[in-house]
Structures are given as structure tokens and as C-alpha cells.
2 protein chains.
Amino acid sequence: MTDEHYMKQALQQAHLALAEGEIPIGAVIVSNGHIIAKAHNLTERLHDVTAHSEILAITAASEYLGGKYLTDCTLYVTVEPCIMCAGALGWSQISRVVYGAPDEKRGFRAFAPKALHPRCEVLGGVLEQECAALMKNFFQKKR
Amino acid sequence: MTDEHYMKQALQQAHLALAEGEIPIGAVIVSNGHIIAKAHNLTERLHDVTAHSEILAITAASEYLGGKYLTDCTLYVTVEPCIMCAGALGWSQISRVVYGAPDEKRGFRAFAPKALHPRCEVLGGVLEQECAALMKNFFQKKR
């Protein structure tokens, strides 16, 4: 399966978030070709700033694997992870992070460039237009 | 009440973590002079890297307040927050962060210095010796 395939699954999660009035960001975690966790942003429903899709997906994947390290896993997320999520991904020792749209204002690359594990591979821009459009439309309607 | 008073409560949480074989870090969140959340590290029990005391305390405080912002709250934590936790504290817009021991290797000050809200006040070194000794003894025994 391609990165695009899994990013589409993350986008599906982002659409679920959108339908619930949440900021439309979704994530999936893949291990050995299988999706072991899916999550979308739930900060509004849970009124909890820590309920980003990546944090929820890390917790779910750890539960599934029965261990706290996500070595040999890939996270797909529709928007570049924030400082908090990149820090969490660093602790998890996840091997690969693939994101859709960059986030210049809140993304980890500008504010915590060493957050991920030194051996973690990062790829941005997968289905970037779709991922970015979801966010743009959401915030335009909010204004 | 003084910062030392609340840090002692965070230290009590750290001792609970120690007794359970967890990395001995504890946190409390104070609002209007009242402790509204207490938590200690649970990464081993939950096998979840996101279960740091600060993240658990933020979730508990938000639940208590019924809202996701912790403006006008102070977090007391025995060790300088990591990148992940500082990112979470930033999202929460917490007003003040007080920590005990610095963490040169994993602390946010070196790796994500802009993680907290720009108006957040930070104070380190409160009961530093006690907080640091707990960590040092824990890791010495692990070797």
C-alpha cells in the first residue's frame, strides 16, 4: 500500500472530526501494513487540549500492541504535528511520520525541530492540497 | 500558600509514582488557591508514553473546570516539563508553571523554548534538591 492510501484513511478521520465540529485533523498508525489505530481530534468534545488525533492514536496503538514503544510503526496525520504531538511521537520512538499539510504557525519543525527520535524518517506533503483545504474551509467558516 | 507548599503536594505524587515503579515525577494544578488536579507518571502501568503527570493533570483539571483552558491556573511539577508536556501546557494557556529540578537532557527550555504561552510565567528550582534526589536515586537503582 502507498502513503497516499493510508493518508486517505487519515483524511477520513479528519472528515469525521469536521462532521462533529472539531478541527478537522485525523491520524492513523500503521504497523506491518495494518492500521492499528485511527483517531481524530476531540479537543472540543472532551474539552481537553491534549486530545489531538496523534495523542489519541498513540494511546490506542500502544494499547493494541501492549507496549509503549511504536518502533517499526508509521503515523499518518493530515497536518504537521504540533510541539506536543511531536514530543509524544519522540517518546514513542516511532520510525516514520508522514503528514499532509505543513503548519507554519504551530508545527514542530519550526518550534521543536529535535522532538522526534533521531532515526525517525519524516515525509510531508502527501495529499497536501486535500488536507490543507479541509483546514482552510473550517477556519473560514469559523470567522 | 507558598510555592513550596504546593510543590510538596507534587512531591507526594512523585513518591506515589516511585512506590509503583514509575519514574518519580508528580504534578498538581492549582486554581484560586485550591488544588484541582493531582497526578503522577503512569507510563509503565498504562504502557503509554503520553501518560506523563502533566498531561494527566491537564486532562483532570479540564474535566474539573468543564473547559479546556487553564488560564489563571498554576502547574507545579517536580521536574522541568518535556517537549510534549510543554506543548500541552502551551495549548492550555496556563498562566504559570513552577518546576523543581531542571532536566537538561529532555526539558523544554533547551528543545522547545517557545512552547508555553507567551504570557506564561515560569519558575524553576522550587524544592529542587528533593525533586532531583528522587530521580537520581530511581535511575541509580535501575542500573
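Here, every reference points to the structure presented above.
Before going into details, it helps to say that this report is about the structure given with it.

### Considerations on unusual backbone geometry
Residues and elements named next belong to chain A.
So, step 1. The backbone of aspartate 72 shows a phi angle near 70 degrees, a positive value even though the residue is not glycine.
So, step 2. Locating aspartate 72 in the fold gives a position in the loop between helix H2 (53–65) and strand S3 (73–79).
So, step 3. Look at aspartate 72 and you get exposed, because its relative accessible area is 62%.

### Observations concerning the interface of chain A and chain B
By convention, interface size is frequently given as the accessible area that disappears when the constituent parts associate.
So, step 1. Contacts between chain A and chain B engage 27 residues on the former and 27 residues on the latter.
So, step 2. Of the roughly 2,400 Å² buried where chain A meets chain B, counting both sides, 70% is carbon and sulfur surface.
So, step 3. Here chain A and chain B share two salt bridges between them.
So, step 4. A salt bridge links glutamate 44 of chain A to lysine 68 of chain B; its shortest N-O distance comes to 2.6 Å.
So, step 5. Mapped onto the side of chain A that touches chain B, the elements with two or more residues apiece are H2 and helix H3 (83–92) of chain A.
So, step 6. The element contributing the most residues to the side of chain A that touches chain B is H3 of chain A, with six residues.
So, step 7. Residue composition of the side of chain A that touches chain B, by class: eleven nonpolar, ten polar and six charged.

### Overview of the pairing of strand S1 (residues 26–31) of chain B
Residues and elements named next belong to chain B.
So, step 1. Along S1, six of the six residues are buried, which leaves the element largely enclosed by surrounding structure.
So, step 2. By the alternation rule, side chains of S1 split into Gly26, Val28 and Val30 and Ala27, Ile29 and Ser31, which are all buried.
So, step 3. The pairing of S1 with strand S2 (residues 34–40) spans six bridges and is classified as antiparallel. Along S2, the bridge assignment pairs alanine 27 with alanine 39.
So, step 4. Counting the residues in the hairpin turn of S1 and S2 gives two residues, including asparagine 32, whose phi is positive at 50 degrees.

### Considerations on the sheet that holds strand S3 (residues 73–79) of chain B
All names here are of chain B.
So, step 1. Taken in spatial order, the five strands of this open sheet run S2-S1-S3-S4-S5, and their pairing is mixed. Of all the strands in the sheet, just S2 and strand S5 (121–123) have a single pairing partner and so form its edges. Across the sheet, the mean angle separating the axes of adjacent strands is 15 degrees when strand polarity is ignored.
So, step 2. The sheet strands contacting helix H1 (residues 3–19) are S1, S2, S3, strand S4 (96–101) and S5, and the helix crosses S1 at an angle near 145 degrees.

### Focus: the relation of the copies chain A and chain B
So, step 1. Of the transformation placing chain A onto chain B, the axial shift is 0.0 Å and the rotation is 180 degrees, giving an RMSD of 0.0 Å. Each copy turns onto its partner about a two-fold axis. Rotation axis and chain A: the residue whose C-alpha lies nearest the axis is methionine 84 of chain A, separated from it by 2.0 Å.
So, step 2. When the interface residues of chain A are mapped onto chain B, 100% of them again lie at the interface, so the same face is used by both copies.

Rules used in this analysis
- Along each chain, residue indices are assigned from 1 in the same order as the chain's sequence is written.
- Both sets of labels track the order of writing: A upward for chains, 1 upward for ligands.
- Selection of residues for local features in this predicted model requires a pLDDT of at least 70, selection of side-chain atom pairs for listing and counting requires 80 or more, and totals for whole chains, interfaces and linings are taken over all residues.
- Note that water and hydrogens are dropped before the side-chain values are worked out from all heavy atoms of the structure.
- Where helices and strands are cited, they refer to DSSP runs of H or I of at least four residues and of E of at least two residues respectively, numbered from the N terminus.
- Per-residue accessibility, obtained with a 1.4 Å probe over protein chains only, is compared with the maximum for each type, and a residue is labelled buried under 20%, exposed over 50%, and partly exposed between these values.
- Any two residues having at least one pair of non-hydrogen atoms within 4.5 Å are treated as being in contact.
- The quantity reported as buried area is the accessible area (1.4 Å probe) lost by two parts once they are put together, taken as the sum for both.
- Salt bridges, as used here, are contacts in which a Lys or Arg side-chain nitrogen is within 4 Å of a carboxyl oxygen on Asp or Glu.
- Side-chain classes are defined by residue name, with Ala, Val, Leu, Ile, Met, Phe, Trp, Tyr, Cys and Pro counting as nonpolar, Asp, Glu, Lys and Arg as charged, and the others, Gly among them, as polar.
- Only strands that DSSP links by at least two bridges are regarded as paired with each other.
- Axis geometry follows a simple rule: fit a line to the C-alpha atoms, using only the stretch in contact for helices, then measure angles between N-to-C directions, giving values from 0 to 180 degrees.
- For this overlay, a least-squares fit was computed on C-alpha atoms, restricted to residues scoring pLDDT of at least 70 in both copies.

Don't take any of this as a statement about function, it's just geometry.
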